[in-house]
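# Breakdown of the fold
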Amino acid sequence: MTEPEKAPEKRRRFSGTRLVIAVAVAAALASAGVTALLVNIMERKQEAKNPFYRVVELDDTITDPAVWGKNFPLQYDGYKRTVDQQRTRYGGSEAVERTPTQADPRSVVAQSRLEEDPRLVTLWSGYAFAVDFREERGHAHMLEDQTFTQRQQVTQQPGTCIHCHGSVYVPYKKLGDGDLIKGFEKMNQMPFAEARKLVEHPVSCIDCHDPATMQLRVTRPGFIEGIAALKASQGVAHFEVNRDATRQEMRTYVCGQCHVEYYFKGKEKRLTYPWAKGINIDQIMAYYDEDGHTDWTHALTGAKVLKAQHPEFEMYNQGIHAKSGVACADCHMPYQREGAMKISDHHVRSPLLNINRACQTCHKWSEAELLERAEAIQTRTFQTRNIAMDALVDLIHDLQRAQEAGAPEDALARARDLQKRAQFYLDFVEAENSMGFHADQESVRILSNSINFSRLGQNALRPGGGASTAPTQRPAGAPAATGSAGAQQGSR
């Protein structure tokens, strides 16, 4: 064979060799890829089987979240992020710098609601909230903000306030020699400053989780007693929340331990949730009427009035999400994937700051549209709230003038009673931190009744206008049935 004839043969052999090598390399790479995939799958399966690493032994005495965080670093990382301050259109807060003092070492606070809306000072005249009231901040700030608020300087607050502002489970148990309720009763009667010395942390892991099983649990006596009273009003006797609630209910109840309306009952200052007649505002108002409790005497009008707290649990139970079986944690602590693990996001915050995981799991629209829908509800509520606020301020000023003019005492008494109702109904929406989103139709109904009470109060002050203006036992649109918390699952 001549040289020219040998050349193509060499090229064919060389090409064949290259092909074999290429196939061998591709096979090796594929094998390596498959092996890596199988190893990754095995690792993820092992991760799923072992959702945490037992670095420390946890028990019912450990309140420090950093210790729990050694076993649950992902959840602890989210918990630490509750220091964040981020504002939504109608909620949240922004960091406001201040110069620390010996009395108040905070260098950052939230913006003042009193400066944002001076009408609140008129509403709460004569009460500590007229001195200092700020936008809400995350759980990381809940203890220090209660400790250093100026309200502590103008009134003697009781140890009862610690119930929802600190990690109280262990202090209660210690005070009660192992009995949670007895410890609760003892701390309620202490001055706040004395009780504060017994608490080291804001809400912590131990307040919501059993250290042995990590199951959710309720540790706040106020809720334990309140939910039992509510269930009794619905015909369910001897309800024990940690025994009888479903897992999905517990994903709401652990939040409802503190995000509620409450009052301090009697000279013992026992923290009480006014749910014995039901959980909607009309039933709560009826409870206060029967009990006779009021929070203070209004400095401008002499009316015995009520201050609503933060009734998120009550309002949520009137809304579509509760009726659909959605729990607080589903929106405020949505699940997230970390490797093979699915955990609850412990960076507890507004769903509007986390629309992808909080909302789009169920609602298949864009983030922009979902935000627009939510803010539309809030804007309508806010506009109605402003109308109710103006109406109530007008009633307060009319009462002032009527007193100065020597109006008949029966007319003044009727107008004062109507002020109490108008004020509590308005404040129920004002103090509830969703600006109507938790139950939009109920919020507008409540505000409409507040406006009506203010109008009736003004009518009562007119000559001959008081006889027909007594408030009915059930405001317009008030449901006759009991509240929905159990059925639907649900600082003074």
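As the structure is a computational prediction, the values presented were derived from the model and not from experiment.

## Describing the overall build of the chain
From N to C terminus, the chain includes 23 helices and 10 strands. Taken across its 492 residues, the chain has 49% of its residues classed as buried. Accessible area of the chain: about 23800 Å², with a carbon and sulfur share of 55%.

## Regarding the nonpolar core
Judged by nonpolar contacts, the single largest core of 85 residues is most densely connected at Trp-124, Phe-223, Ile-227, Val-241, Tyr-253, Trp-275 and Phe-424. Here this core takes nine residues from helix H21 (residues 409-430), the largest share from any one element. Discounting residues that sit within four places of it in the chain, Phe-223 has contacts with Val-218, Val-241, Tyr-253, Gly-256, Gln-257, Tyr-273, Trp-275 and Phe-313.

## Here we look at the packing of helix H10 (residues 180-188) against helix H12 (residues 221-233)
Between two packed helices, what matters for the description is the angle formed by their axes and the separation of those axes. The geometry of H10 relative to H12 is characterised by a closest axis approach of 10 Å and an angle of 110° between their N-to-C directions. It follows from the interaxial angle that H10 and H12 lie roughly perpendicular. Across the interface between the two elements, Leu-180, Ile-181 and Phe-184 of H10 pack against Pro-221, Gly-222, Ile-224 and Glu-225 of H12. Broken down by class, the residue content of the contact of H10 with H12 amounts to five nonpolar, one polar and one charged.

## Some points on the pairing of strand S10 (residues 341-344)
In this sheet, S10 lies alongside strand S9 (residues 335-338) in antiparallel orientation, the contact comprising four bridges. Within S10, the position partnered with Arg-337 by the bridge is Lys-342. Remark: two residues form the turn of the hairpin made by S9 and S10, two consecutive strands paired antiparallel; Gly-339 in that turn has positive phi of roughly 65°.

## Brief notes about the side chain of Ser-450
Checked against the element boundaries, Ser-450 lands in helix H22 (residues 440-460). Every residue in contact with Ser-450, bar those within four places of it in the chain, is listed here: Ala-388, Ala-422, Tyr-425 and Leu-426.

## So, the pattern of salt bridges
Applying the stated criterion across every chain, the model contains 37 salt bridges. Taking the shortest distance from any N to any O, the salt bridge between Asp-390 and Arg-119 comes out at 2.7 Å. A residue pair is termed long-range when its members are at least 10 positions apart, and Asp-390 in helix H20 (residues 367-404) and Arg-119 in helix H5 (residues 119-123) qualify at 271 residues. In this structure, a network of salt bridges that share partners links the residues Arg-87, Glu-94, Arg-113, Glu-116, Asp-117, Arg-119, Glu-135, Arg-385, Asp-390 and Glu-430.

## Details of the packing of helix H15 (residues 281-291) against H21
It is at 11 Å that the axes of H15 and H21 come closest, and there the two elements cross at 140°. By the angle between their axes, H15 is oblique relative to H21. For the crossing formed where H15 meets H21, the hand is right-handed. Counted together, Ile-281, Asp-282, Ile-284, Met-285, Tyr-288 and Asp-289 of H15 and Lys-420, Arg-421, Phe-424, Tyr-425 and Phe-428 of H21 form the full contact between these two elements. Within the contact of H15 with H21, the residues separate by chemical class into seven nonpolar, no polar and four charged.

## Considering the packing of aromatic side chains
Throughout the structure, instances matching the rule amount to 21 aromatic pairs. Measuring from ring centre to ring centre gives 5.9 Å for Tyr-127 and Phe-129, while their planes differ by 20°; the resulting arrangement is stacked. Against the face of Tyr-169 rests Arg-217, its NZ or CZ located 4.4 Å from the ring centre. Above the ring of Phe-129, the side-chain terminus of Lys-307 is found at 4.8 Å from the ring centroid.

## Thoughts on the side chain of Thr-301
Checked against the element boundaries, Thr-301 lands in the loop between strand S7 (296-297) and strand S8 (304-305). Classification of Thr-301 as buried rests on a relative accessible area of 1%. A distance of 2.7 Å separates polar atoms of two side chains, one belonging to Thr-301 and the other to Gln-419. Filtering out sequence-adjacent residues up to four positions away, Thr-301 remains in contact with Ile-396, Leu-399, Gln-403, Arg-416 and Gln-419.

## Examining unusual backbone geometry
Even without being glycine, Met-214 reaches a positive phi, approximately 65°. Residue position: Met-214 is located in the loop between helix H11 (192-196) and H12. Note on Met-214: relative accessible area 21%, which makes it partly exposed. At Lys-269, a residue that is not glycine, the phi angle is positive and equals roughly 55°. Position of Lys-269 among the secondary structure elements: in the loop between strand S5 (263-265) and strand S6 (270-272).

## Some remarks on helix H3 (residues 73-80)
Among all positions in H3, only Tyr-76, Gly-78 and Tyr-79 are buried. One side of H3 holds all its buried residues, which, seen down the axis, span an arc of 160°. Against the buried residues of H3 lie helix H2 (65-71).

## Considering a nonpolar patch on the surface
Where nonpolar side chains cluster on the molecular surface, the patch consists of Ile-21, Val-25 and Leu-29 and spans about 290 Å² of accessible area. Structurally, Val-25 can be placed in helix H1 (residues 3-49). A relative accessible area of 44% places Val-25 in the partly exposed class.

## So, the environment of Ile-377
With respect to the element layout, Ile-377 can be found in helix H20. Taking the C-alpha atoms as reference points, Ile-377 and Met-435, separated by 58 residues in sequence, lie 8.2 Å from one another. If we skip the residues at most four places from it in the chain, Ile-377 touches Met-435, Gly-436, Phe-437 and Asp-440.

## Here we look at the confidence of the model for the chain
When pLDDT is averaged across the chain, the result is 90; 88% of the residues are at 70 or more. Long-range and interchain partners of residues 467-473, a stretch whose pLDDT sits below 50, account for 10 contacts in this model, where long-range means more than four residues apart. Below a pLDDT of 50 lies the segment residues 479-491, which in the model reaches 57 contacts outside its immediate sequence neighbourhood of four places, other chains included.

## Re the environment of Arg-357
Looking at where Arg-357 falls in the secondary structure, it is placed in helix H19 (residues 355-358). Distance from Arg-357 to Tyr-335, taken between C-alpha atoms, is 7.3 Å for residues 22 residues apart in sequence. Apart from the residues lying within four places of it in its own chain, the contact partners of Arg-357 are Pro-334, Tyr-335, Gln-336, Asp-345 and Arg-349. A distance of 2.8 Å separates a polar atom in the side chain of Arg-357 from a polar atom in the side chain of Gln-336.

What counts as what
Residues numbered from 1 in each chain as written. Predicted model: local features only at pLDDT ≥ 70, side-chain atom pairs only at ≥ 80, totals over all residues. Heavy atoms only, no water. Helix = DSSP H or I, 4+ residues; strand = E, 2+ residues; numbered from the N terminus. Buried < 20%, exposed > 50% of the residue type's maximum accessible area, 1.4 Å probe, protein only. Areas by Shrake-Rupley, 256 points an atom, 1.4 Å probe, with all protein chains shown as cover. Core = buried A, V, L, I, M, F, W, Y, C linked by side-chain atoms within 4.5 Å. Contact = heavy atoms within 4.5 Å. Axes fitted to C-alpha atoms, helices over the stretch in contact; angles between N-to-C directions. Parallel < 35°, antiparallel > 145°, perpendicular 65-115°, else oblique. Nonpolar A, V, L, I, M, F, W, Y, C, P; charged D, E, K, R; others polar. Pairing = 2+ DSSP bridges. Salt bridge = Lys/Arg side-chain N within 4 Å of Asp/Glu carboxyl O. Left-handed = near helix turned anticlockwise from the far one by under 90°. Phe/Tyr/Trp six-rings, centres within 6.5 Å; stacked < 30°, edge-to-face > 60°. Lys NZ or Arg CZ within 6 Å of the ring centre and 35° of its normal. Polar contact = N/O pair within 3.5 Å; in protein donor to acceptor, adjacent residues only side chain to side chain. Arc of directions from axis to C-beta. Patch = residues over 30% accessible without salt bridge, like charges linked within 9 Å, V, L, I, M, F, W, Y side chains within 5 Å. pLDDT = per-residue confidence, 0-100.

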